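Here's the letter readout for the chains.
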Amino acid sequence: MAFYIVQFLTGLASAASLFLVASGLSIIFGVTRIVNFAHGAFYMLGAYLAYTLTERLSGALGFWGGIVAAALAVAAFGVLIEMILLRRIYRSPELFQLLATFGLTLMIEDIVVLIWGPDDLLGRRAPGFRGAVDFFGQQIPTYDLFLIVLSPIVLGLLWLLFRRTRWGVLVRAATQDRDMVAALGVNQKWLFTSVFALGVFLAALGGALQIPRDAANHAMDLNIIVDVFVVVVIGGLGSIIGAFVAAVLVSELNAFGILIFPKISIILVFLVMAVVLIVRPWGLFGKPEAPARKTPGLTVRPWRPLSGNERLAMIGVLVVAAALPLISGSYVLTVASEIAIFVIFAASLHFLMSVGGLASFGHAAYFGLGAYGVAFLAKMAGMPMIVCLLIGPLLGLLGAAVFGFFVVQLSGVYFAMLTLAFAQIVWSIAFQWVGVTGGDNGILGVWPAAWAGGAANFYWLSLGIAVLVVAALRIMVFSPFGYALRATRDSALRSEAIGIDGKRIQWTAFVIAGTAAGIGGALFAFLKGSVFPDSVGISLSVDALVMVLLGGVETVSGAIVGAIVYKALNIWLVSYTDFSKLVLGAVIVLIVVAMPKGIVGTIETLQTRRARPAKATILASQAETAE
Amino acid sequence: MKLSVQALNSYYGPAHILFDVGLEVDSGEVVALLGRNGAGKSTTFRSIVGLVEQREGRIVFEGRDVSAEPTHAIVRSGLGYVPEERRIFTDLTVEENLEVGRQPPRPNAPQWTREKLFTLFPNLGEMKNRPGGRMSGGEQQMLTIARTLMGNPSLVLLDEPSEGLSPKIVEQMVEAIMIMKQEGVSIVVSEQNLHFANLISDRAYIIERGRICFSGTMKELEARPDIRDAHLAV
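Residues numbered from 1 in each chain as written. Chains lettered and ligands numbered in written order. Predicted model: local features only at pLDDT ≥ 70, side-chain atom pairs only at ≥ 80, totals over all residues.

A few points about the interface of chain A and chain B
The figure often quoted for interface size is the accessible area lost as the parts come together. This is how it is decided: Whether two residues are in contact depends on their C-beta atoms, placed from the backbone: they are in contact if these lie within 7 Å. For helices the rule is a DSSP run of H or I covering at least 4 residues; for strands it is a run of E covering at least 2, with both sets numbered from the N terminus onward. Each residue is assigned to one class: nonpolar for Ala, Val, Leu, Ile, Met, Phe, Trp, Tyr, Cys and Pro, charged for Asp, Glu, Lys and Arg, and polar for all the others, Gly among them.
Of the residues lining the interface, 25 residues belong to chain A; the matching set on chain B comes to 31 residues. Among the elements that take part in the side of chain A that touches chain B, helix 6 (residues 166-176) of chain A stands out by supplying six residues, more than any other. The class makeup of the residues in the side of chain A that touches chain B is 14 nonpolar, six polar and five charged.

As structure tokens, this is what we get:
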């Protein structure tokens, strides 16, 4: 019995940091409507900075002062970020905000390595809390007890702040109606900045307080952000009480899950999250969200199928692409095969997010499942390549069918967070279930059959499949199914009113996109001859998002251009710099801020402007007067 | 001249909504902006306080062109705005709603306190701690006006204050507006209800399809039944 109580207390102690970070995320979201992906990075910065400061400053005052100073310094850094970056994107679509803050995360990761080096850093023990208390023969660190007491105190302070101060009243008002607060004479800019500062302070404090318990490491940002997303999805975005309850719940599930399923304790958390989402899609303490903001511009320039001339041009491009093996060597062909595979991957995500309006942050899950599907079939069942390629992607389909059922119940940021959480679950299974997946060592020796063995043959195979998949997805965009999907994207309510079952349509789209991604993954396994958990990882999911974004979210063909440009750039970048994340993060941030329409979108805008300069004014004068 | 709006043009995306709208309000005046649903009344108000992003024209308030300033700065200079949809903060109590509107006193405008507003709207005084979401439509309407008055404005834009209210509450509203006027607040009130406008206003403008098509005293408007029938639903 004593053992279980101790386990319970350990869980409570872990909840402290989780609560601090999650409440910070929730507060920021409440007012600014931004889900700050970089929150994990601020948490990590808090930990590293606290490490340095507590090492330099001596004594108890030095330690505690160092912790608080670290959190304050990171909050000041957060204010800078808010003023330079976030103020430019408050009115952008949610996806862009998530991506920009993810780009920031990538940059901070490399900066942390630059400053503190790649090794884990174990901090000082907290003065006054070095020992442990004996509890019926079990040891409880006193620092854990300190953390257990701290979180309800922080909760109480936040409650007082929001209920008893003018600032708190203004923040709560802004959470509900930003414009009205401005119309009452309150400067939103500074309100937003101060809210962001508080949120970042809480995240950094959470990181700093972890120092005596765990070593600071440069993976801690992504680890915590996934847990935090799960916490806010369960507790309800925007609710501080929800963050507290859910942080305790998730931490306890982790603490006891480890006893029950030592390897895959995350499954328990996942089950709870699934149940909560079915019963209350907006979380235990959250409020039903207003419908997500529409992507701007879609109604202004409707999509159309390719004209005859454009089709001819496409065929011309394909002929040139097919002739590539005649002029280039095997390295170029391998790179070209990889690009073709990523065209499939990006096109599948584009189908989901541009056509379906569902921006997934975990699309790599289905790519990776396709790859693992092939590896299982080839290595364990010894199937021939053709069979593997046909059946392997079905694992992606299966995953998309199961996860898709849950995620389409949500929309907007909740959808993005849940897809990310599911992808992380797939990743942890791939990473931890060593007996089946080989864990970090992956599955090696997945080689193509002789007929597809050469670089040229494999390239033709990849190109052929890419053309088929892209063509199939394109046909679907302009099919009745595609119309229904786009109708649901543009107005869920109106399409439901004309008899479209929106959830079912979206679920179908999710499965189609997952299967297409699985096809890409299947080819990828054969290209590399191996499968690793990386194929399911967050960074791959984000790669796909950046490809679609780079090409242009609002275009039909942007994903293809984006995939080619991004992949080529990426391969080139990795061979030239050690700080690819820094460069990549900066590129992402730049795209979001400077070129939100992407390459193809920008070209299209220029074309339209040149083609019909008079038309826009006619349109304007014909438009109905509305209040 | 308290407020002068000159050649105001507003757009929502590609749609041109207001065409060269001009309005003038003298100190202490109550001016009605009349027009049918969708004529452009709310857009005019939203444009004046800067809530419509695409707008052109001059908005001179107390001798200063405020058209380039952000919403909060315009409001802070003493130009209060009461939106049509009321937009109460439903999670906040009556007192907290008033707190959001509170601004420092202004030398050229009457000063309002909670206590003073609770005598103006006695209903509100009885429900200080009730969340805004659990109030009737009439009580919410009073709260929005009281909330804006907490900013001690010298001019208030009142967007359809009588809409959807029972005759008894409308009566109270008329009373409240007359008291505001006595205190020295200039008021622009948008209305579809000519009767209500007659009770409170000195002058009127009529707006139709985003254009001002009549301007004159209430007497002049009464003498022109043709204009009234053409542009107002009676």
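That was the structure; now back to the text.
Structural notes on the sheet that holds strand 5 (residues 64-65) of chain B
Residues and elements named next belong to chain B. The cut-off we apply is this: By the convention used here, strands pair only if DSSP detects at least 2 bridges between them. Lines fitted to the C-alpha atoms define the axes, with helices restricted to the stretch that makes contact. Angles between their N-to-C directions range from 0 to 180 degrees.
Spatial ordering of the open sheet is given by 2-1-4-5, a layout of four strands whose pairing is antiparallel. Edge positions in the sheet fall to strand 2 (15-25) and strand 5, since each of these pairs with one other strand and no more. Sheet topology note: the strand 1 (residues 3-12)/strand 2 ladder contains seven bridges and is antiparallel. Note on strand 2: the bridge partner recorded for Leu3 is Val25. Against the sheet, helix 1 (residues 41-48) touches strand 1, strand 2 and strand 4 (54-61), its axis set at about 75° to strand 2.

Topic: the sheet that holds strand 7 (residues 155-159) of chain B
Residue and element names in this part refer to chain B. Spatially, the six strands line up as an open sheet ordered 6-7-8-3-9-10, and their pairing is mixed. Each end of this open sheet is capped by a strand with a single partner; those strands are strand 6 (79-82) and strand 10 (211-217). Taking the axes of each pair of neighbouring strands and ignoring which way they run, one obtains an average angle of 15° across the sheet. In the sheet, strand 6 pairs with strand 7 via four bridges, with the strands oriented parallel. Looking at strand 7, one finds that Gly80 is bridged to Val156. Helix 6 (residues 137-149) contacts strand 6 and strand 7 of the sheet and is inclined by roughly 165° relative to strand 6.

Side note on the packing of helix 17 (residues 393-407) of chain A against helix 18 (residues 412-432) of chain A
Angle between the axes and distance between the axes: these two values describe a pair of packed helices. Residue and element names in this part refer to chain A. Selection rule: By convention, the crossing between two helices is left-handed when the near helix turns anticlockwise from the far helix through less than a right angle, and right-handed when the turn is clockwise.
Closest axis-to-axis distance for the helix 17/helix 18 pair is 10 Å, and the angle between their directions is 145°. Here the hand of the crossing between helix 17 and helix 18 comes out right-handed. Each of Gly399, Phe403, Phe406 and Val407 in helix 17 lies in contact with helix 18, whose residues at this interface are Phe415, Leu418, Thr419, Phe422 and Val426. Of the residues assigned to the contact of helix 17 with helix 18, the class counts are seven nonpolar, two polar and no charged.

A short note on helix 23 (residues 502-528) of chain A
All names here are of chain A. Test applied: A helix is expected to span 1.5 Å for every residue after the first. Counting other C-beta atoms within 10 Å of a residue's C-beta gives its exposure: the residue is buried at 20 or more, exposed at 12 or fewer, and partly exposed in between, where C-beta atoms are placed from the backbone.
Over its 27 residues, helix 23 extends 38 Å from the first C-alpha to the last, a length consistent with the 39 Å expected when each residue adds 1.5 Å. The element helix 23 is extensively covered by neighbouring structure, given that 21 of its 27 residues are classed as buried. The positive-phi residue at the C-terminal boundary of helix 23 is Gly529, with phi of around 75°.

Some remarks on the domain arrangement of chain A
Residue and element names in this part refer to chain A. The cut-off we apply is this: An automatic or database domain assignment is the source of the domain bounds shown.
In terms of domains, chain A is made up of domain 1 (2-230) and domain 2 (331-611). Computed over C-alpha atoms only, the centres of domain 1 and domain 2 are separated by 32 Å. Listed per partner, the contact involves 23 residues of domain 1 and 24 residues of domain 2. Contributions of two or more residues to the side of domain 1 that touches domain 2 are made by helix 3 (59-89), helix 4 (94-116) and helix 9 (220-235). The greatest single-element share of the side of domain 1 that touches domain 2, amounting to 14 residues, is contributed by helix 4. Class assignment of the residues belonging to the side of domain 1 that touches domain 2 gives a composition of 17 nonpolar, two polar and four charged.

Some remarks on the pairing of strand 1 of chain B
All names here are of chain B. Between the end of strand 1 and the start of strand 2, which pair antiparallel, lie two residues, with Gly13 showing a positive phi angle near 55°. One ladder, built from seven bridges, connects strand 1 with strand 4; its direction is antiparallel. Residue pairing across strands places Ser4 opposite Val60, the latter belonging to strand 4.

With respect to the nonpolar core
Residue and element names in this part refer to chain A. Heads up, the condition is: Residues of type Ala, Val, Leu, Ile, Met, Phe, Trp, Tyr and Cys that are buried and joined through C-beta atoms within 7 Å form what is called a nonpolar core.
Counting 280 residues, the largest nonpolar core has Ala204, Val231, Ala247, Val343, Ala346 and Ala347 as the members making the most contacts within it. A total of 16 residues in this core trace back to one element, the largest contributor, which is helix 14 (residues 330-355). Shared between two domains, this core takes at least three residues from each, and those domains are domain 1 (2-230) and domain 2 (331-611). Setting aside residues no more than four positions away along its own chain, Val343 makes contact with Ala466, Val470, Ile560, Ala563 and Ile564.

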